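Coordinate inspection notes
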Amino acid sequence: MRNKVLLVEDSSSLAILYKQYVKDEPFDLFHLETGAEAIDFIGKQKPQVVILDLKLPDMSGEKVLDWISEHEIPTVVIIATAHGSVDIAVNLMQKGADDFIEKPINADRLKTSINLHLQRSKLAHLVEDMEHRYSRKNFHGFIGSSLPMQAVYKIVESVAPTTASVFIIGESGTGKEVCAEAIHEHSQRQNKPFVALNCGAIPRDLLESEIFGHMKGAFTGATTDRKGAASQADGGTLFLDELCEMELDMQKKLLRFLQSGTFTPLGGSREQKVDVRIICATNRDPLEEVEAGRFREDLYYRVNVVPVEMPPLRDRGNDIIALAQNFLVRYAKQDKKRFTAISRDAQSLLKKYHWPGNVRQLQNIMRNIVVLNNDATVNAEHLPEQIKQKRPSPGSSQNNRDAGQRTNRQAVVDAIRETPAPPLQETIHRPPEIAKAAATETETETETEVSPAVITSPTIRPMWQVERETIQQAIDYCDGNVLNAAVLLELSPSTVYRKKQAWETEQDEFISKE
C-alpha cells in the first residue's frame, strides 16, 4: 500500500505545480483547500504526512495543527510558510509540527522533505510494533514493563514448553512463585496440578513427609496414609521454594527423586513413580551456600539447568508506580474506598525508596493505606515514615546493594550494642594452685591485687537465648516489621516467623500452667 501525503493549500495553481513535482515519487499526494476538509480527511484516512498552509479560507493552519495534537493523530506535519512567517512556523514546531518549508517551495526540497519524513514515520511504526510485541506491561500475573522484567518474560516463554529444570533466584518478595506459576501456565502441563511448597516454613522433621508423604504408623500422629506434594503434583509441576533451607540429608533424597522420578513414602517399603516437573527457588546465593557446605553441589547442578534471576523492586523503575496503582485500585474496590490515583510527590518517594521487602512490602503498604484512609488520591502524608525519610536507594549494582545491606546490618548491631548487658551472676572456681599462678601473672602485668581463689568471668549463656534476644532486638529496631528484620539479619523471613511463633507458643503454655 502506497503512503498518503495530504497537501492543504488554498491556491489551486500552486497545488497543481506541487503535484507535478512529485508525480514520479512512491507516494500519493492528495489536495484539499480548507481546514474543515483537511480535518475530515485526516480523521478518516490517517495520512502519513500533512503539508499544511498557515492561511486557509475557513480557519488558520494552527487550528488544524491543534486538532491533530488533541486527537493524537500519528502523522507528520510540515508547515508551508511565506518568507516573513518563519518565526511563526518555528513556534508551531514547539506545539507539535515536525518541520517547515518556505514558499515558494522548491521541487527538490519538497521531495526530499516528504521522503525523509516518510522514512521517519515508517521507523516510528516499526518501533511501536516491536514495543507492542516485546514490551508487555502484563504477563501471567506479573505487572511491569521494565527491561529486567522483559528479560524474565522472555526466559519464561523459552523454558516453559521444555522439560528443563528451572532455578529461580531472587530476594524475598520479588515474585518467585508468580514466576513458577507463569512457567507452569505456559507449559504443556498447564491443565495439571501446580503444587507449591515452602521448604523454609515446614519443620525439618516433617519436610520429608510433606514432599513424599507417609504411611499409617510411620510416626506418632500418623493415623492414616497421606500423599505428599510429589504425588499431588503428578503430571504437573512441583514448586519448591526456599530450597537452600533444606537439610543436607533431605537434599540427598531430593536429588535421587530428581534423577529417577521415584520415591518411597515415609514408613513405606515400596517405591512410587510420578511424572513431575520440578521448579526450585531460593532467596540466597546458591553458590555461596555450596561453598559453605550447606547445599549439595550435585543438587545445585541438577536443578540449575535454566536459572531465572528475579530483579529486586528497586531496580524496576516505573514498575513501582504501576504495581502500586494496581494494588491501590484493587484494594479500594474490595473495601469500597475512593482511592483512584497516586500524587506526583508520593510517586517520587515510592521510586526513591530501596524496598528491602520488594513487591510484597509494596503490596502491604498499599493495603495499609487503603484500610486506614478514604481519600481519592494517595499523597505523601499517607506513606509510612520509613518511605518519607527519603533514604537514598542503594541502586541497581551489586556493590551498592551490598553497601546498603552492610549499613542496615550495622544499624542493628549498634542497636544491640546499646542494650545493657546482663549483670554478672556466676563465677568460675579454680583449684588454688591454678588460681594462685594466674593471680601472680596478673599482678605482674597490671600491678593490681587479684583474689587467688575466685576470678569472675562473663556469663556463658545458651546459644538459643542469644539468638532469641538478637532476633527480638532486630524486630524491635524495625518497629515490629519481621520482614525488614529478616533482611537485616540475613535470615529467611519464614525462619524468623517460625522461631517467633515457637517462642510465643512456649510463653503461652508457660502462662497457662501458672
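In this text the structure is predicted, and so the values were computed from the model without any measurement.

**Here we look at the side chain of S209**
Summarising the element assignment, S209 is placed in helix α8 (residues 207–212). Within the structure, the side chain of S209 is placed 2.7 Å from the side chain of H214, a separation counted as a polar contact. Ignoring sequence-local partners within four residues, the contact set of S209 consists of H214, F219, R226, G228 and L266.

**So, empty space enclosed by the protein**
Summed over the entire model, instances satisfying the criterion amount to 1 cavity of 30 Å³ or more. As for the largest cavity, its lining consists of C199, G200, I202, R204, E245 and R498. Split by residue class, the lining of the largest cavity holds 2 nonpolar, 1 polar and 3 charged.

**Some details on the sheet that holds strand β8 (residues 166–169)**
Taken together, the 5 strands give an open sheet; going across it, the order is β9-β10-β13-β8-β14, and neighbouring strands pair in parallel fashion. Looking along the sheet, the strands with just one partner apiece sit at the ends: β9 (194–198) and β14 (306–309). Neighbour-to-neighbour, the strand axes of the sheet open up by a mean angle of 20°, direction not taken into account. In the sheet, β8 pairs with β14 via 4 bridges, with the strands oriented parallel. Of the residues in β14, the one forming a bridge with V166 is V306. Contacting β8, β13 (277–282) and β14, helix α6 (residues 147–159) runs over the sheet at an angle of about 155° to β14.

**Quick look at the UniProt feature "modified residue: 4-aspartylphosphate" (unreviewed entry) in the protein**
Residues annotated by UniProt as "modified residue: 4-aspartylphosphate" (unreviewed entry) correspond here to D53. Structurally, the position occupied by D53 is in strand β3 (residues 49–53). The exposure class of D53 is buried, given its relative accessible area of 7%. Apart from the residues within four sequence positions on either side, D53 is in contact with V8, E9, D10, G61, A80 and K103.

**Regarding the sheet that holds strand β4 (residues 76–81)**
Strands sit in the order β2-β1-β3-β4-β5 across an open sheet of 5 strands; the sheet is parallel. Strand pairing shows two members of the sheet lacking a second neighbour, β2 (27–32) and β5 (99–102), which therefore form its edges. Sheet twist, expressed as the average angle between the axes of neighbouring strands with direction ignored, equals 20°. Pairing of strand β1 (residues 3–8) with β2, which is carried by 6 bridges, proceeds in the parallel orientation. Bridge pairing in β2 links V8 to L32. Lying over the sheet, helix α1 (residues 12–21) contacts β1 and β2, oriented at roughly 180° with respect to β2. Running over the sheet, helix α3 (residues 61–70) touches β3 and β4 and is turned about 150° from β3.

**A closer look at the nonpolar core**
Counting 31 residues, the largest nonpolar core has L240 and L243 as the members making the most contacts within it. Put simply, the parts of the chain that give this core at least two residues each are β9, α8, α9 (229–232), β10 (237–241), α10 (248–260), β13 and α12 (297–303). Tallying contributions element by element places α10 first for this core, with 5 residues. Setting aside chain neighbours within four positions, we find L240 in contact with L197, C199, I211, L254, I278, I279, C280 and A281. If you look at the next biggest cluster of nonpolar residues, it comprises 26 residues, including L323, Y331, A346 and V370.

**Observations regarding helix α2 (residues 35–45)**
Listed in full, the buried residues belonging to α2 are G35, A38, I39, F41 and I42. Projected down its long axis, α2 shows its buried positions confined to an angular sector of 170°, all on one face. Check the buried side of α2 and you find it contacts β1, β2, β3 and α3. At the exit of α2 stands K46, carrying a positive phi of roughly 50°.

**Points about the pattern of salt bridges**
The final tally for this structure, using the stated rule, is 20 salt bridges. Across the pair R204 and E247 runs a salt bridge whose closest N-O atoms are separated by 2.8 Å. You can see R204 sitting in the loop between β9 and α8 and its partner E247 sitting in the loop between β10 and α10, a full 43 residues away along the chain. Here R204 falls in the exposed class, since its relative accessible area comes to 52%. Between E210 and R226 there is a salt bridge whose closest N-O contact spans 3.7 Å. Residue E210 is found in helix α8, and its partner R226 is found in the loop between α8 and α9; the two are separated by 16 residues along the sequence. Residue R226 is classed as partly exposed on the basis of its relative accessible area of 34%. Salt bridges sharing common partners tie together E245, R284, E289 and R294.

Conventions adopted
- Residues numbered from 1 in each chain as written.
- Predicted model: local features only at pLDDT ≥ 70, side-chain atom pairs only at ≥ 80, totals over all residues.
- Heavy atoms only, no water.
- Helix = DSSP H or I, 4+ residues; strand = E, 2+ residues; numbered from the N terminus.
- Polar contact = N/O pair within 3.5 Å; in protein donor to acceptor, adjacent residues only side chain to side chain.
- Contact = heavy atoms within 4.5 Å.
- 1 Å grid on protein atoms, 1.4 Å probe; cavity = no way out; pocket = protein on both sides within 12 Å on 5 of 7 lines; lining within 4 Å.
- Points joined across faces, edges and corners; volume = space filled by probe spheres on them.
- Nonpolar A, V, L, I, M, F, W, Y, C, P; charged D, E, K, R; others polar.
- Pairing = 2+ DSSP bridges.
- Axes fitted to C-alpha atoms, helices over the stretch in contact; angles between N-to-C directions.
- UniProt positions renumbered as here; feature names shortened; annotations may be inferred.
- Buried < 20%, exposed > 50% of the residue type's maximum accessible area, 1.4 Å probe, protein only.
- Core = buried A, V, L, I, M, F, W, Y, C linked by side-chain atoms within 4.5 Å.
- Arc of directions from axis to C-beta.
- Salt bridge = Lys/Arg side-chain N within 4 Å of Asp/Glu carboxyl O.

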